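Fold and geometry: a report
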Amino acid sequence: MSKKIVSVWTSIPFWRRSAGWVTGFAAILLIWLTFDSLGQISMGTDEDLKNGITKRVPAPTVINYKITYEMDKKRGHEVPIIGEKEKFFGRDNWSKEEARELLHLGKLASQAKNCMNCHTLLGNGAYYAPDLTKAWLDPAWGPNGSYIPMTNSKTKEEAMSKFLQNPSLYPSHERMMPNLGITEKEAMGLVAFLKHMSSIDTNGFPRNFGRMSTDGVTGAIHGK
């Protein structure tokens with residue numbers, strides 16, 4: 001009597017071995033991706049900035065530098081460029097400790113004032129008000145924008161600080177930002193937090209950043 005030939009596709013041992021190999025490979029891949037991701041999102045150092053080394057998440061002292069966005073043809077989207085020294089609230093020598101403390105204050109203030117109830121930060125939050133991830137780079141706050149003269153300010157950071165402290169004094173849209181009782185020190189921290197966030201390489205997010213309006217604050221602190 002001839003032995004019955006069983007197809008490999010109906011063989012239980014085959015599928016057990018296959019499941020074992022696939023599970024093992026997936027586990028190794030997941031571990032590798034975890035370590036790779038941790039390396040990508042680890043914050044850089046002040047020494048990196050001084051040596052011109054680009055990190056996806058720069059050190060807090062990036063507030064001492066000019067930040068712009070330029071198209072990277074290879075990657076197909078804009079990426080942050082850390083340039084020369086630039087004064088921030090009158091200084092370009094914020095120490096590592098001072099910058100870290102200022103950013104920490106800004107982060108705590110954004111949480112205490114529930115900014116994400118209306119805004120989006122790094123992909124998290126609401127969509128009632130504009131995405132703040134790259135708000136620092138919005139032309140509305142630049143030298144040719146409307147907010148420096150509107151707030152009678154000399155610099156972008158001063159204009160942002162004044163707006164945050166008294167948004168009702170500078171109406172820009174029917175969706176007016178409420179007065180949240182933000183102090184001058186908290187406003188400085190929030191502006192530092194926004195500047196640092198704009199320096200983070202978010203791999204092209206938000207995708208509509210390049211289409212921000214230069215009229216008012218659309219696409220920045222407040223607007224449509």
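Residues numbered from 1 in each chain as written. Predicted model: local features only at pLDDT ≥ 70, side-chain atom pairs only at ≥ 80, totals over all residues. Heavy atoms only, no water.

The name an unreviewed UniProt entry assigns to the protein is Cytochrome C, from the organism Halarcobacter mediterraneus.

**Some details on the overall build of the protein**
The helix and strand inventory of the protein stands at six helices and four strands. Reading the helices (α) and strands (β) of the protein from amino to carboxyl end gives α-α-β-β-α-β-β-α-α-α. Within the protein, the fraction of its 224 residues that count as buried is 40%. Within the protein, residue pairs in contact and separated by at least 24 positions form 57% of the contacts whose partners lie at least 6 positions apart. As presented, the protein carries roughly 13,600 Å² of accessible surface, and 58% of it is formed by carbon and sulfur atoms. (Helix = DSSP H or I, 4+ residues; strand = E, 2+ residues; numbered from the N terminus. Buried < 20%, exposed > 50% of the residue type's maximum accessible area, 1.4 Å probe, protein only. Contact = heavy atoms within 4.5 Å. Areas by Shrake-Rupley, 256 points an atom, 1.4 Å probe, with all protein chains shown as cover.)

**So, the packing of helix α5 (residues 156-165) against helix α6 (residues 184-198)**
Between α5 and α6, the least distance of the axes is 9 Å, while the angle of their chain directions is 125 degrees. Classified by the interaxial angle, the pair formed by α5 and α6 is oblique. Crossing of α5 against α6: the hand is right-handed. For the pair formed by α5 and α6, the contact residues are Glu157, Met160, Ser161, Leu164 and Gln165 on the first element and Glu184, Ala187, Leu190 and Val191 on the second. Its residues assigned to classes, the contact of α5 with α6 shows five nonpolar, two polar and two charged. (Axes fitted to C-alpha atoms, helices over the stretch in contact; angles between N-to-C directions. Parallel < 35°, antiparallel > 145°, perpendicular 65-115°, else oblique. Left-handed = near helix turned anticlockwise from the far one by under 90°. Nonpolar A, V, L, I, M, F, W, Y, C, P; charged D, E, K, R; others polar.)

**A word on the packing of helix α3 (residues 96-112) against α6**
Their axes nearest at 7 Å, the elements α3 and α6 cross at an angle of 100 degrees. The angle between α3 and α6 falls in the class roughly perpendicular. Along the contact surface, α3 presents Leu102, Leu103, Leu105, Gly106, Lys107, Ala109 and Ser110, while α6 presents Lys185, Glu186, Met188, Gly189, Leu190, Ala192, Phe193 and His196. In terms of residue class, the contact of α3 with α6 is built from eight nonpolar, four polar and three charged.

**Points about the nonpolar core**
Of all hydrophobic cores here, the largest spans 30 residues; its most connected members are Ile63, Phe88, Trp94, Leu102 and Leu164. For this core, the secondary-structure elements that each account for two or more residues are β1 (65-72), α3, α4 (147-150), α5 and α6. The biggest single contributor to this core is α6, with five residues. If near-sequence neighbours (up to four positions away) are discounted, tryptophan 94 is found in contact with Thr61, Ile63, Asn64, Phe88, Phe89, Ala99, Leu102 and Met188. Counting six residues, the second largest nonpolar core, distinct from the first, contains Leu132, Ala135, Phe193 and Leu194. (Core = buried A, V, L, I, M, F, W, Y, C linked by side-chain atoms within 4.5 Å.)

**Quick notes on α5**
Burial analysis of α5 places seven of its ten residues in the buried class, which makes it a mostly covered element. Listed in full, the buried residues belonging to α5 are Lys156, Glu157, Ala159, Met160, Ser161, Phe163 and Leu164. On its buried side, α5 packs onto α4 and α6.

**Let's talk about unusual backbone geometry**
You will see that leucine 122, though not glycine, has its phi angle at about 50 degrees, which is positive. Residue placement: leucine 122 occurs in the loop between β3 (120-121) and β4 (124-125). Classification of leucine 122 by relative accessible area gives partly exposed; the value is 39%. At asparagine 152, a residue that is not glycine, the phi angle is positive and equals roughly 55 degrees. Within the secondary structure, asparagine 152 is located in the loop between α4 and α5.

**Regarding the UniProt feature "transmembrane region" (unreviewed entry) in the protein**
When the UniProt feature table is mapped to this numbering, "transmembrane region" (unreviewed entry) covers residues 18-35. The annotated region residues 18-35 carries 100% helix and 0% strand content, and the separation between its end C-alpha atoms amounts to 26 Å. (UniProt positions renumbered as here; feature names shortened; annotations may be inferred.)

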